[in-house]
Amino acid sequence: QVQLVESGGGLVQTGGSLRLSCAASGRTFSDYGMGWFRQAPGKEREFVAVISRFGGSTYHADSVKGRFTISRDNAKNTLYLQMNSLKPEDTAVYYCAATSRGLVHSLNLFDYWGQGTQVTVSS
């Protein structure tokens with residue numbers, strides 16, 4: 001079992017930056033691959049980025065490549081998402097998730113989810 005709590009969301013202007021954090025507790029953090037997902041109003045939850053257990057491999061959705069960077073600090077049991085050059089299209093609730101299955105990026109393969117943090121980008 002692992003518990004996840006996101007933080008760092010807020011309101012930012014187009015072109016601005018935010019850094020999201022996801023604090024994990026419970027079992028050993030390094031046992032899990034970690035991912036970020038987001039859900040905009042009226043839309044399905046979608047993949048944003050994923051990182052392997054020790055941070056050696058990452059994958060980012062095409063919509064955020066070059067702007068967002070996923071990272072982790074296993075000593076702090078924390079996952080991060082650095083978001084730069086934000087656009088109104090990035091407005092969504094952002095969720096972190098954990099998987100024991102490796103470097104995957106399908107929602108149904110993630111075992112644990114946080115409650116989400118709101119990111120709003122104004123035009």
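Report on the accompanying structure. Nothing here was measured: the structure is a model prediction, and the numbers come from that model.

**Considering the side chain of His60**
Its place among the elements puts His60 in strand 6 (residues 58-60). Judged by its relative accessible area of 11%, His60 falls in the buried class. Beyond its immediate chain neighbours, meaning those up to four positions away, His60 contacts Phe47, Val48, Ala49, Lys65, Phe68, Thr69 and Ile70.

**A short note on the state of the cysteines**
A covalent bond bridging the sulfur atoms of two cysteines is what the word disulfide describes. A full pass over the atoms with the stated rule returns one disulfide. Between the sulfur atoms of Cys22 and its disulfide partner Cys96 the distance amounts to 2.0 Å. Across the S-S bond of Cys22 and Cys96 the torsion is about 55°, and the bridge reads as right-handed. Note that Cys22 is positioned in strand 3 (residues 18-26) and Cys96 in strand 9 (residues 92-99), a separation of 74 residues in sequence. Of the two residues, Cys22 and Cys96, both sit in the buried class.

**Focus: the nonpolar core**
Grouped together as the largest cluster of nonpolar side chains are 35 residues, with contacts concentrated most on Leu4, Met34, Trp36, Leu79, Leu81, Met83 and Tyr94. Elements represented by at least two residues in this core include exactly strand 1 (2-7), strand 3, strand 4 (33-39), strand 5 (46-51), strand 7 (68-73), strand 8 (78-83), strand 9 and strand 11 (117-122). Not counting residues up to four positions away in its chain, the partners in contact with Met83 are Gly16, Ser17, Leu18, Leu20, Arg67, Phe68, Tyr94 and Val119.

**Things to note about unusual backbone geometry**
Located in the positive-phi region is Asn77, a residue other than glycine, with phi close to 55°. With respect to the helices and strands, the residue Asn77 is situated in the loop between strand 7 and strand 8. At Ser85, a residue that is not glycine, the phi angle is positive and equals roughly 50°. Along the chain, the position of Ser85 falls in the loop between strand 8 and strand 9.

**What about the pairing of strand 4?**
Within strand 4, six of the seven residues are buried, which leaves the element mostly enclosed by the surrounding structure. Examined bridge by bridge, strand 4 and strand 9 share seven bridges and lie antiparallel to one another. Looking at strand 9, one finds that Met34 is bridged to Ala98. As defined by bridge partners, strand 4 adjoins strand 5 across five bridges and the pair is classed as antiparallel. By the bridge assignment, Phe37 is partnered in strand 5 with Phe47. In sequence, strand 4 turns back onto strand 5 through a hairpin of six residues, with Gly42 there showing a positive phi of about 75°.

The rules behind these values
Within each chain, residues carry numbers counting from 1 in the order of the written sequence. Two thresholds apply to this predicted model, a pLDDT of at least 70 for residue-level local features and 80 or more for giving and counting side-chain atom pairs, whereas whole-chain, interface and lining totals are computed over all residues. Think of the side-chain values as coming from all heavy atoms in the structure, minus any hydrogens and water. Under the DSSP-based scheme used, a helix requires at least four consecutive residues in state H or I and a strand at least two consecutive residues in state E, with every element numbered from the N terminus. The buried label applies to any residue whose accessible area, calculated with a 1.4 Å probe on protein chains only, is under 20% of its type's maximum; exposed applies above 50%, and partly exposed to all values in between. Any pair of residues with heavy atoms lying within 4.5 Å of one another is described as a contacting pair. Any two cysteine sulfur atoms lying within 2.5 Å of each other are counted as a disulfide. In this description, a nonpolar core means a group of buried Ala, Val, Leu, Ile, Met, Phe, Trp, Tyr and Cys residues linked to one another through side-chain atoms lying within 4.5 Å. Between any two strands, at least two bridges found by DSSP are needed for them to pair.

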